[in-house]
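# Report on the structure
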Amino acid sequence: MDEITVDVKNLSKQYGNFKAVDSISFAVKKGEIFGLLGPNGAGKTTLISMLTTLIKPTSGHASVLGKDIIKGALEVRKSIGVITEKVTMYPPLTAEENLMFFGRLYGIEKNELQKRIDEGLEEFQLSQFKNRPVGTFSLGMKRRLDLVRVLLNEPKVFFLDEPTVGLDPITVSFIKKKIRDINERGSTIILTTHIMQDADELSDRVALIDHGHLMACDTPKNLKKKLGKNATLENVFIHYAGEELRDKTEKMSLAPRRGM
Ligand SMILES: Nc1ncnc2c1ncn2[C@@H]1O[C@H](COP(=O)(O)OP(=O)(O)OP(=O)(O)O)[C@@H](O)[C@H]1O
Ligand SMILES: [Mg+2]
């Protein structure tokens with residue numbers, strides 16, 4: 001039987017009367033690249049925030065590598081790598097200083113840390129910029145550096161929330177290749193993206209989420225096949241999510257942001 005890395009059971013997150021995530025269940029197998037897709041406001045980031053222990057669920061359960069996201073939050077945090085849209089680096093510090101800071105935070109021994117930093121900067125083609133303040137970096141460089149940071153800790157599970165948003169096609173292609181490399185080295189990856197082609201190319205399976213509900217969960221191939229011969233993942237997306245814009249949902253959720 002396949003080993004389950006991320007197990008989600010009836011997970012919900014409610015803000016006032018608004019259900020951002022509504023009783024979602026699915027399981028991600030060890031070694032999978034699992035894509036979370038859905039319109040703006042569908043609940044993808046809320047789901048990832050719960051799984052990465054940043055916010056607490058209203059109800060339901062989930063575990064990552066067998067550890068409960070509430071009772072085992074500390075252990076979960078130690079074993080995962082998280083990339084969000086916001087790059088978590090200190091702008092005045094250089095690339096290397098930032099990596100040193102985070103590496104020490106992760107508890108990595110100094111010589112080993114220096115080795116991993118050098119290798120990471122090399123792999124992500126950032127060695128020549130290591131002494132520059134991160135505040136002077138382009139978005140593409142910041143994203144690459146953020147991946148170096150996350151990899152320092154050698155996590156077994158990665159959560160990547162829109163890792164390619166706002167990047168040029170060359171950087172997107174580079175990052176997609178790295179995501180595959182990281183996966184081939186044995187890590188399980190959960191990612192969100194609005195680029196259906198990227199989701200199709202990268203994901204072993206995808207989950208389609210809309211209005212906090214899980215609408216479908218399967219391989220891109222099977223989902224497309226169900227719709228017809230030449231269907232694309234974009235067709236699948238619109239089939240499940242419809243064509244209505246989501247401004248209404250956005251307005252409903254103007255309640256003050258809590259718990260973040
Ligand atoms: N702290 C909060 N308080 C109130 N509502 C919230 C809070 N956080 C998120 N929401 C609402 O929950 C819904 C889901 O938001 P979420 O950020 O998870 O969507 P998403 O699928 O990641 O969207 P996008 O693709 O635009 O990133 C949205 O309607 C959002 O406004
Ligand atoms: Mg989001």
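Residues numbered from 1 in each chain as written. Chains lettered and ligands numbered in written order. Predicted model: local features only at pLDDT ≥ 70, side-chain atom pairs only at ≥ 80, totals over all residues.

In the annotation of an unreviewed UniProt entry, the protein is listed under the name ABC transporter related protein and assigned to Candidatus Parvarchaeum acidiphilum ARMAN-4.

## Some remarks on the overall build of the protein
Defined as follows: Segments assigned H or I by DSSP are reported as helices when at least four residues long, segments assigned E as strands when at least two residues long, and all are numbered from the N terminus. C-alpha atoms define the radius of gyration in this analysis, and the globule rule sets the expected value at 2.2 Å times the number of residues to the power 0.38. Here contacts are defined at the residue level, using C-beta atoms placed from the backbone and a cut-off of 7 Å between them.
From N to C terminus, the protein includes 10 helices and 10 strands. Radius of gyration (C-alpha) of the protein: 19 Å, near the 18 Å computed for a compact globule of 260 residues. Once the C-alpha set of the protein is aligned to its principal axes, its extents read approximately 50 × 45 × 40 Å. Sequence-distant contacts, at least 24 apart, represent 69% of the contacts inside the protein between residues at least 6 apart.

## Notes on the packing of helix α3 (residues 95-105) against helix α4 (residues 110-123)
Rules: Geometry is summarised by axes, namely lines fitted to C-alpha atoms with helices restricted to the contacting stretch, and by angles between N-to-C directions that run from 0 to 180 degrees. For classification purposes, angles smaller than 35 degrees are called roughly parallel, those larger than 145 roughly antiparallel, those between 65 and 115 roughly perpendicular, and all remaining angles oblique. Whether a crossing is left-handed or right-handed is set by the direction in which the near helix is turned from the far one by less than a right angle, anticlockwise for left-handed and clockwise for right-handed.
At their nearest, the axes of α3 and α4 sit 10 Å apart, and the two run at 135° to each other. On the basis of the axis angle, α3 is oblique to α4. Here α3 runs over α4; the crossing is right-handed. Along the contact surface, α3 presents A95, E96, L99, M100 and G103, while α4 presents L113, I117 and L121.

## Overview of the pairing of strand β9 (residues 205-210)
Formally: In this scheme the burial state of a residue depends on its C-beta neighbours within 10 Å: 20 or more other such atoms mean buried, 12 or fewer mean exposed, and anything in between means partly exposed; the C-beta positions come from the backbone. Here, any two strands with at least 2 DSSP bridges between them count as paired.
Where burial is concerned, most of β9 is hidden: five out of the six residues are buried. Between the end of β9 and the start of strand β10 (residues 213-218), which pair antiparallel, lie two residues, with H211 showing a positive phi angle near 45°.

## Description of the sheet that holds strand β6 (residues 80-83)
Taking strand neighbours across the sheet as the criterion, the six strands line up as β6-β7-β8-β3-β9-β10 in an open arrangement whose pairing is mixed. Bordering the open sheet on either side are β6 and β10, each of which pairs with just one other strand. Going across the sheet, the axis of each strand differs from the next one's by a mean of 15°, ignoring polarity. Pairing analysis gives four bridges linking strand β3 (residues 33-37) to β9, with the strands arranged parallel. Bridge pairing in β9 links L36 to A207. Against the sheet, helix α5 (residues 139-152) makes contact with β6 and β7 (157-161), and its axis sits at roughly 165° relative to β6, the strand it touches most.

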